[in-house]
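Next come the chains, spelled out residue by residue.
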Amino acid sequence: MERENNTQHDSMSENEVIKDRSLRYMAIGLGIIILVMGYLTLYVDDASSFFSSKREEVVTVIDDNNSDVLVENSSMSDEQVRSSLIKFIEAFYNDQRKGYFDPPSYFSPITRTYYNYHNLTYKRLKEVHAKRMSDLRNYNLTWIVSSLDYDRNNNELLASYWAKVSYVQPSRNAEVSGDIKFELAVNEEGKIMSLREAEIKNLVVTSLNSYPDSIINNEIDYSQASTVPEKIAEPLPEPLENPNSEARYEGKLYDLASVELAPEFQGGQAALGKYLGSRLRYPAGARQNKIQGKVYIGFIVEKNGSLADFKVVRGIGGGCDEEAIRVLRSSPAWRPGMANGKPVRTSYVLPITFMLGN
């Protein structure tokens, strides 16, 4: 009995001496793993390459004729590239119509050009776009798909297309419309590298002042065909010349948004309407073909108030365009536009309405 107790006592003593070291080993193992992971995170770009014995070879392209290897879309047919471009451009403008503008979705991290700005980051790109759109109210852009043209330049697609654009510009208190040719560069990742206006045609800037249009209406006594003879056949007089011809085109040309005081017919808009109504003759061809509408005539009001450089910005034909220019050529001098307290050369667009009565 005593011997059994001694044996039991000895076994208990041995158990007390032997310690469990598994927790220590586990802690050491976890520490090693954490150190390895930290090293991989800080000093290794591609962790998989650290464990792989296969090394990636760096290919250097020396021959410019081999540049096609850099072009991901080089394997696409022209029709496939055109179809992709159409979908991309349509999606871009569709998002803008909905008021969605997220630069990372469409633009490369650094955009070379965006409407004549250069090297913009995402943040700056959004600021420029917001500032631009704040001055374009009721912005409407319809791009002409059939005008799309493109060319491959190494790893970029250089596309161009025409679009009809119209908007109201509050800063100029004017309505603007025109045809704009856009140039778009897209890289191999499908991101816009540049977007700019390459060409503008048929630009019409109409002042939104509260002045009424000058109307020639054959219901009014002084414009009735039965009492006033037609004068379409008479030659157009030459524009008024300044006494000093050298000063005629001297100085900067201002627009209505840049002057402190806009050019004005002597006596104001009422006097201008009376002058046009007494001089304009409704062309026989336009009356016969029932042509009516607004004719927009652009011209320059010189420093001395004379009018020059007449052109039809938007016409309706039937002789109405020529008749409007004929009358404006013989106009008396206007009050010139003023900037910094001095008369300046100012561009002006005048709408003249031709309307047939019942």
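1. A look at the packing of helix α7 (residues 268–279) against helix α9 (residues 320–329)
Closest axis-to-axis distance for the α7/α9 pair is 10 Å, and the angle between their directions is 120 degrees. When the axis of α7 is compared with that of α9, the two are oblique. Classified by chirality, the crossing of α9 by α7 is right-handed. Contacts from Tyr 275, Leu 276 and Arg 279 of α7 reach α9 at Glu 323, Arg 326, Val 327 and Leu 328. Counted by class, the contact of α7 with α9 contains four nonpolar, no polar and three charged residues.

2. A short note on helix α6 (residues 122–134)
For α6, spanning 13 residues, the distance from its first C-alpha to its last is 18 Å, which sits close to the expected 18 Å at 1.5 Å a residue. Listed as buried for α6 are Leu 125, Val 128 and His 129. Buried positions in α6, seen along its axis, are confined to an arc of 100 degrees and lie on one side of it. Opposite the buried face of α6, by more than 90 degrees, sit the exposed residues Lys 123 and Lys 131. Contacts made by the buried residues of α6 are with α4 (78–97), α5 (103–106), β1 (111–114) and β2 (117–120).

3. Considerations on the side chain of Asp 321
Checked against the element boundaries, Asp 321 lands in helix α9. Buried Asp 321, no salt bridge; nearest opposite-charge side chain is Arg 314, N-O distance 10 Å. A distance of 3.0 Å separates the side chain of Asp 321 from the backbone nitrogen of Ile 316, its partner in a polar contact. A distance of 3.3 Å separates the side chain of Asp 321 from the backbone nitrogen of Gly 317, its partner in a polar contact.

4. Side note on the pairing of strand β5 (residues 156–169)
Relative to β5, strand β3 (residues 137–143) runs antiparallel, the two being bridged by five bridges. Residue pairing for β5: Thr 142 is matched across the bridge by Lys 164. As judged from the five bridges shared by strand β4 (residues 149–153) and β5, these two strands associate in the antiparallel manner. For Arg 152, the partnering residue across the bridge sits in β5 and is Leu 157. If you look at the hairpin formed by β4 and β5, you'll find two residues sitting between the two strands, and Asn 154 has a positive phi there, around 55 degrees.

5. As for the environment of Gly 285
Assignment of secondary structure puts Gly 285 in helix α8 (residues 284–288). Since its relative accessible area comes to 33%, Gly 285 is described here as partly exposed.

What counts, and at which threshold
- Within every chain, residues take consecutive numbers counted from 1 along the sequence as written.
- Per-residue local features of the predicted model are confined to residues with pLDDT of at least 70, and side-chain atom pairs are confined, for both listing and counting, to 80 or more; whole-chain, interface and lining totals are unaffected and use all residues.
- With hydrogens and water set aside, each side-chain value is computed from the structure's full complement of heavy atoms.
- Helix axes are fitted only over the stretch in contact, all axes being lines through C-alpha atoms; the angle between N-to-C directions runs from 0 to 180 degrees.
- Runs of E in the DSSP output that reach at least two residues are strands. Runs of H or I that reach at least four are helices, and both are numbered from the N terminus.
- Each angle is binned into one of four classes, with values under 35 degrees roughly parallel, values over 145 roughly antiparallel, values of 65 to 115 roughly perpendicular, and all other values oblique.
- Two helices that cross are described as forming a left-handed crossing if the nearer one is turned anticlockwise from the farther one by less than a right angle, and a right-handed crossing if clockwise.
- Throughout, a contact is declared for two residues whenever any of their heavy atoms are within 4.5 Å.
- Ten residue types, Ala, Val, Leu, Ile, Met, Phe, Trp, Tyr, Cys and Pro, are classed as nonpolar, four, Asp, Glu, Lys and Arg, as charged, and the remainder, Gly among them, as polar.
- A helix is expected to span 1.5 Å for every residue after the first.
- Only protein chains enter the accessibility calculation, which uses a 1.4 Å probe. A residue is then buried if its area is under 20% of the maximum for its type, exposed if over 50%, and partly exposed in between.
- This arc is taken over the directions from the axis of the helix to the C-beta atoms.
- Here Asp and Glu are counted as negative and Lys and Arg as positive; His is not counted, and neither are the chain ends.
- The working definition used for a salt bridge is a side-chain nitrogen of Lys or Arg within 4 Å of a carboxyl oxygen of Asp or Glu.
- Each polar contact in these results corresponds to two N or O atoms within 3.5 Å; when the atoms are within protein, one needs to be able to donate a hydrogen and the other to accept it, and residues that are neighboring in sequence are counted only if both atoms are side-chain atoms.
- Pairing between strands is defined by DSSP: at least two bridges between the two strands are required.

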